[in-house]
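Structural description and commentary
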Amino acid sequence: MPGLHIYCVMPGDSTPPDRLRGIDDAAVFAVATAGVAVWASAHDRRPAAGTAFASAHNRVVEAGMNTEVTPVPARYGQWFDSERAAVAALAAESERWTTLLRHFAGRCEWGVRIMGGGPAREMHPARAESGTAYMVELARRKARTDDRRSAAARVAEQVALRIGALAEDTRVEFQAGGDVMNLCHLVAWNDAAAYHTHMRSVRDEHRSRRFLFTGPWPPYSFVE
Amino acid sequence: MSTSELPASPHDELTLAEMVNRVLDKGAVISGDVVISVAGVDLIYVGLRVLVSSVEAMRERDARDVSS
C-alpha cells in the first residue's frame, strides 16, 4: 500500500494546480482536515534524498505560494504510511498550522548570504612542535574565528537597523568558521522593493564583503 | 526563486546549496518523525561541499583580481 510524502501545510480549501508533479514525477494532491490541508504525493516507498528530489519538493511548495497564501513548508523526509495517519497528525496540531498560515500570509522569506571581509582565515595547523604549542595555536585560531563572527555580527546589526520593521522576523546563522553569515528575513510582498533598496545600500557600504541575495523562498527558516 | 550578485555558474551552485539547506534542514515537522534515506551520497555533505568550494573559488578570484 502506498504511503504519503508531505510537501507543505496549506489552508483547508486549497487545491494543487492541475498537473502539478512532485518527486519522482508523482501527482500532487491535497489531504484536508480541520480547516487545514497537506499537499502530498503517493509512493510505494519512502523517497530517498537527492538533489533532484529536493528540487522537486521545493518546486511543489513554491507552487502553493502567491501573494495571498504562503504555505508552511514541510521539512523533507516526512512520510505517513496512510492518508488516515496523515489526517490524524494534521488534525492534532491544526491550531498551530492555522496560526502559522495566518502569520505567513502575504509574506515570504528572503535570504542574504554575506561572505568574506573579516580578518583573514588561517589553515589548520598541520603539526606543532609540542602539545602546548598546538593548544596555543588552536586558541589563537579560535580567537580569530570569534573576531570574524563579531565583525559579521556588526554587519547583521547594521542590516537590522537599516531595514527596521520591514523584516517581520529574522534568523542569523554562521558557517565556515564565521566566514559566511546567512541572514533570513520574513518580509511582506508589499515591502519587498523597499527591503531590497535598503539591502543594496548596506551592500554598497561593505565592498570588501560579497552579498548574495536569494528569494523569494517559502518560509522554511521560520518554522521550528 | 532567484539569486543575484555573483556570476552565472557560482550562482547555480550557491542557489542549489541554499535550496538543499532549506529543504533538508528547515521547515515544519508534522509527524515528529523525519527520516532521510540517503542513496549513495550524503546530501547534506554535498550542500556543504558546494558552499565551501564556492567560497574558495570566490577567494581565488579575489586574489587574481588583486594581482592583475
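Residues numbered from 1 in each chain as written. Chains lettered and ligands numbered in written order. Predicted model: local features only at pLDDT ≥ 70, side-chain atom pairs only at ≥ 80, totals over all residues. Heavy atoms only, no water.

1. Structural notes on the overall build of chain B
- Assigned secondary structure in chain B consists of 2 helices and 2 strands.
- The order of α-helices and β-strands along chain B, N terminus first, is β-α-β-α.
- Counting only carbon and sulfur atoms, one obtains 56% of the accessible surface of chain B, whose full area is about 3,600 Å². (Helix = DSSP H or I, 4+ residues; strand = E, 2+ residues; numbered from the N terminus. Areas by Shrake-Rupley, 256 points an atom, 1.4 Å probe, with all protein chains shown as cover.)

2. Concerning the overall build of chain A
- Along its length, chain A carries 5 helices and 10 strands.
- For 224 residues, the compact-globule formula gives about 17 Å, and the C-alpha radius of gyration of chain A, at 22 Å, lies well above that figure.
- Principal-axis analysis of the C-alpha atoms gives chain A an extent of 65 × 45 × 30 Å.
- On chain A, roughly 10,700 Å² of surface is accessible, and the fraction owed to carbon and sulfur atoms is 50%.
- Looking at chain A, you have 27 positive and 26 negative side-chain charges, and the mean spots of the two groups are 7 Å apart. (Rg over C-alpha atoms; globule rule 2.2 N^0.38 Å. Lys, Arg positive; Asp, Glu negative; His and termini not counted. Charge placed at Lys NZ, Arg CZ, Asp CG, Glu CD.)

3. Thoughts on helix H5 (residues 192-204) of chain A
Residue and element names in this part refer to chain A.
- Here H5 spans 18 Å end to end across 13 residues, near enough to the 18 Å set by a 1.5 Å rise per residue.
- When H5 is considered as a whole, its buried residues turn out to be Ala192, Tyr195, His196, Met199, Val202 and Arg203. Along the long axis of H5, the arc covered by the buried residues comes to 120°, so they all point the same way.
- In this structure, the buried side of H5 is in contact with strand E7 (107-115), helix H4 (131-163), strand E9 (180-188) and strand E10 (210-217). (Expected span 1.5 Å × (residues − 1). Buried < 20%, exposed > 50% of the residue type's maximum accessible area, 1.4 Å probe, protein only. Arc of directions from axis to C-beta. Contact = heavy atoms within 4.5 Å.)

4. Some remarks on helix H1 (residues 51-63) of chain A
- Between its first and last C-alpha, H1(A) extends 18 Å over 13 residues, near the 18 Å set by a 1.5 Å rise per residue.
- Restricting attention to buried positions, one finds in H1(A) the residues Ala54(A), Ala56(A), His57(A), Asn58(A), Val60(A) and Val61(A).

5. What to know about the packing of aromatic side chains
Residue and element names in this part refer to chain A.
- Summed over all chains, the structure comprises 2 aromatic pairs over all chains.
- Ring plane angle 35° and centroid distance 6.5 Å describe the contact between Trp110 and Tyr195, whose orientation is recorded as tilted. Here Tyr195 lies in helix H5 and Trp110 lies in strand E7, a separation of 85 residues in the sequence.
- Accessibility expressed as a relative area gives 1% for Tyr195, which makes it buried.
- Ring centres of Phe211 and Phe213 lie 6.2 Å apart, and the angle between their planes is 45°; on these two criteria the pair is classed as tilted. (Phe/Tyr/Trp six-rings, centres within 6.5 Å; stacked < 30°, edge-to-face > 60°.)

6. Brief notes about the nonpolar core
- Counting 23 residues, the largest nonpolar core has Ile6(A), Val9(A), Val38(A), Val72(A), Trp97(A), Phe104(A) and Ile30(B) as its most contacted members.
- Elements with a contribution of two residues or more to this core: strand E1 (3-11), strand E3 (36-43), helix H2 (83-92), helix H3 (94-104) and E9 of chain A.
- With 4 residues, H3(A) is the single largest residue contributor to this core.
- Among all residues touching Val72(A), those that are not within four sequence positions of it are Cys8(A), Val9(A), Trp97(A), Leu100(A), Leu101(A), Phe104(A), Val223(A) and Ala28(B).
- Counting 21 residues, the second largest nonpolar core, distinct from the first, contains Val155(A), Met181(A), Val187(A) and Phe213(A). (Core = buried A, V, L, I, M, F, W, Y, C linked by side-chain atoms within 4.5 Å.)

7. Observations concerning the state of the cysteines
Residue and element names in this part refer to chain A.
- Evaluation of the coordinates by the stated rule reveals 0 disulfides over all chains.
- Not part of a disulfide, Cys8 finds its nearest cysteine sulfur in Cys108, a span of 15 Å.
- Cys184 carries a free sulfur, and the closest cysteine sulfur to it, the one in Cys108, is 12 Å from it. (Disulfide = S-S within 2.5 Å.)

8. Overview of the confidence of the model for chain A
- In this model, chain A carries a mean pLDDT of 89, and residues with pLDDT of at least 70 account for 93%.
- Mean pLDDT across the secondary structure elements of chain A bottoms out at strand E4 (residues 48-49) of chain A, with 78, and peaks at strand E5 (residues 72-73) of chain A, with 98. (pLDDT = per-residue confidence, 0-100.)

9. Structural notes on unusual backbone geometry
Residue and element names in this part refer to chain A.
- A cis amide bond, omega 0°, links Gly215 with the succeeding residue Pro216.
- On the secondary structure map, Pro216 appears in strand E10.
- Phi at Asp25 is positive, roughly 60°, even though this residue is not glycine.
- Mapped onto the elements, Asp25 comes out in the loop between E1 and strand E2 (29-33).
- For Ala34, which is not glycine, the phi torsion reads 50° and is therefore positive.
- Tracing the backbone shows Ala34 in the loop between E2 and E3.
- The exposure class of Ala34 is partly exposed, given its relative accessible area of 48%.

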